[in-house]
Amino acid sequence: MRVTRQDVLVAARRIEGHVRRTPLLPPSDRDAVWLKCEFLQHCGVFKTRGAFNRQLAALETGEIGDAGIVVASGGNAGLAQAFVARELGIRATVFVPESAPEVKVARIRSYGAEVRRAGTEYAEAYQAAVDFAEEGGSVFAHAYDQFDVVAGAGTLGEEILADEPSIDTIVVAVGGGGLYAGIAAAALGRARIVAVEPQSCPTLNAAMAAGEPVDVAVSGVAADSLGARRIGKFAFAAQAAEAPVSVLVTDEEIIDARARLWSEYRTASEFGAAAAYAALTSGRYAPADGERVAVVVCGANTDPATLALGG
C-alpha cells in the first residue's frame with residue numbers, strides 16, 4: 001500500500017487550521033538552499049501533522065473511544081500525539097524507551113498524557129504499546145508507519161512545492177521513513193528526494209540494498225529521533241515507486257551540521273533534525289550547478305545547553 005499525492009491533499013484539507021504552515025526560508029548569499037522551518041511547528045516537529053490527521057480521521061469514523069489513543073515513540077511522535085490528544089479532548093498514553101531524552105518526556109507529560117517507559121530502544125516500547133492497545137482497547141497510533149500518519153506528514157512536502165514550485169530536490173532525514181514516504185508521495189514526478197540517514201541506523205539504505213525491509217543495529221547521536229530498527233512499509237513502497245538518492249552521514253557530520261544551524265541561523269535543532277542538513281555541509285550530497293534544493297529542518301526538541309556556541 002502506497003500513499004499518493006491525492007491522499008496528502010485530503011490530509012491537508014482535514015488538518016487545515018490545526019497545524020501551522022511553516023515558512024520556507026529562501027537562500028542567502030552564503031547558502032544556496034531553501035530551509036523548510038518545520039521546527040516552528042506545534043511541538044517543534046513535523047509529526048504533529050500526522051498526529052492530527054490520524055486522530056481526526058479516527059474521530060470521523062468513531063474509532064476512538066473512552067480508552068483514547070496509545071503511541072510508542074522515541075519522543076517526538078509521543079509529543080505530537082499527546083499534544084493533539086489534548087487539543088481534541090482525547091486520552092493519550094505514550095510508551096517511550098528508557099533512552100528517551102528527559103526534555104521530551106517532560107513535555108509529553110505537560111500535555112496531560114500518561115508516560116510509560118519500556119525497554120532500551122524504540123522497538124521494545126513499540127511492542128509494549130501494541131500489547132497495551134490490545135488489552136485495553138486504546139486506538140494505536142503508529143509513530144511513522146500508518147496511512148494517516150504518512151499522509152499527514154506529506155503535507156510538509158506539498159507546502160514546499162506550493163511555496164516554491166521551482167524546487168528540484170528535497171532533502172529529508174529518514175528514521176522509520178514516515179516523513180520521507182509522505183514527502184515522496186507529494187513530490188512524485190515534481191521533485192527528486194534525497195533521503196539522508198545516519199550511518200549508525202541506515203534503515204532505508206539497508207532495505208534498498210537487500211530488496212526488502214531488514215533489521216539494522218541502532219546507535220548514534222540521532223537514535224532518539226531516527227532510531228527505528230526497520231524501515232516502514234510505506235517508506236519501502238515509496239522507494240519502489242521512485243528510488244531516492246540515498247545518503248549516509250556520520251555522527252561527527254551531524255554534530256557539525258547542528259552546530260552550524262545554531263551559529264548561522266540560531267536554530268536549536270536536535271541531532272536527527274540536523275541530519276538532512278549534514279548531507280550538504282559534509283559534501284556527501286553535492287547539488288549540481290543551478291539545482292534548487294530545499295532542506296527540511298524539523299526538530300526543535302533538544303537541550304539548548306548542548307548547543308555549540310557560534311558567532
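Scroll up for the structure.
Source: prediction; values computed, not measured. (Residues numbered from 1 in each chain as written. Predicted model: local features only at pLDDT ≥ 70, side-chain atom pairs only at ≥ 80, totals over all residues. Heavy atoms only, no water.)

Colleague: Can you help me understand the packing of aromatic side chains in this one?
Modeller: Any aromatic ring pair is given by two values, namely how distant the centres are and how the planes are angled relative to each other. Under the criterion given, the structure shown has 6 aromatic pairs. Aromatic rings pair up to connect Phe52, Phe83 and Tyr111 into one cluster. We note arginine 258 situated over the ring of phenylalanine 271; from NZ or CZ to the ring centre the distance is 4.2 Å. (Phe/Tyr/Trp six-rings, centres within 6.5 Å; stacked < 30°, edge-to-face > 60°. Lys NZ or Arg CZ within 6 Å of the ring centre and 35° of its normal.)

Colleague: Which parts of the structure should I look at to understand helix 1 (residues 5-15)?
Modeller: For an α-helix, 3.6 residues make a turn, and residues three or four places apart therefore share a direction. Among all positions in helix 1, only Val8, Ala11 and Ile15 are buried. Each buried residue of helix 1 lies within a common arc of 60° when the element is viewed along its axis, so the set occupies one face. (Buried < 20%, exposed > 50% of the residue type's maximum accessible area, 1.4 Å probe, protein only. Helix = DSSP H or I, 4+ residues; strand = E, 2+ residues; numbered from the N terminus. Arc of directions from axis to C-beta.)

Colleague: Explain helix 3 (residues 76-88) to me, please; I cannot follow it from the model alone.
Modeller: With 13 residues, helix 3 should reach 18 Å at 1.5 Å per residue; the first-to-last C-alpha distance of 18 Å fits that figure. Counting buried positions along helix 3 gives 10 out of 13 residues, so the element sits mostly inside the fold. All of the buried residues along helix 3 are Asn76, Ala77, Gly78, Leu79, Ala80, Gln81, Ala82, Phe83, Val84 and Ala85. Residues of helix 3 that are buried make contact with helix 2 (47-61), strand 3 (69-72), strand 4 (92-96), helix 4 (102-110), helix 6 (147-163) and helix 9 (223-226). One or two steps after helix 3, the chain reaches glycine 89, where phi turns positive at roughly 75°. (Expected span 1.5 Å × (residues − 1). Contact = heavy atoms within 4.5 Å.)

Colleague: Please explain the nonpolar core as it appears in this structure.
Modeller: General note: in soluble globular proteins, nonpolar side chains tend to be found buried as a group. Ranked by size, the top nonpolar core spans 82 residues in total, and within it Ile170, Leu179 and Tyr180 carry the most contacts. With 8 residues, helix 7 (residues 178-187) is the largest single contributor of residues to this core. Once you skip the residues sitting within four places of it in the chain, leucine 179 turns out to touch Phe46, Ala153, Leu156, Val172, Val296 and Cys298. If you look at the next biggest cluster of nonpolar residues, it comprises 26 residues, including Val33, Phe39, Tyr277 and Ala279. (Core = buried A, V, L, I, M, F, W, Y, C linked by side-chain atoms within 4.5 Å.)

Colleague: Please clarify how the environment of isoleucine 90 should be interpreted in this entry.
Modeller: Summarising the element assignment, isoleucine 90 is placed in the loop between helix 3 and strand 4. In this structure isoleucine 90 comes out as buried when scored by relative accessible area, which is 12%. Considered as a pair, isoleucine 90 and glycine 68 are 22 residues apart in the sequence and their alpha carbons are 5.5 Å apart. Setting aside residues no more than four positions away along its own chain, isoleucine 90 makes contact with Gln55, Leu59, Ile64, Gly68, Ile69 and Ala85.

Colleague: What's the story with the environment of alanine 123 in this structure? I'm lost.
Modeller: By the secondary structure assignment, alanine 123 is in helix 5 (residues 122-136). Look at alanine 123 and you get partly exposed, because its relative accessible area is 24%. Sequence spacing of alanine 123 and alanine 72 is 51 residues, and the spatial spacing of their C-alpha atoms is 8.5 Å.

Colleague: What's the story with the sheet that holds strand 6 (residues 139-140) in this structure? I'm lost.
Modeller: Sheets are built from strands that pair by backbone hydrogen bonding, the pairs being arranged parallel or antiparallel. Strand order in the open sheet made by the 4 strands is 5-4-3-6, with parallel pairing throughout. The open sheet terminates on both sides in strands that have one partner only, identified here as strand 5 (114-117) and strand 6. As paired elements, strand 3 and strand 6 share 2 bridges and run parallel to each other. Paired with isoleucine 69 across the strands is valine 139, a residue of strand 6. Here helix 4 sits on the sheet and contacts strand 4 and strand 5; the angle it forms with strand 5, its principal contact strand, is near 145°. Where helix 5 meets the sheet, its contacts fall on strand 3, strand 4, strand 5 and strand 6, and the angle it forms with strand 3 comes to roughly 160°. (Pairing = 2+ DSSP bridges. Axes fitted to C-alpha atoms, helices over the stretch in contact; angles between N-to-C directions.)

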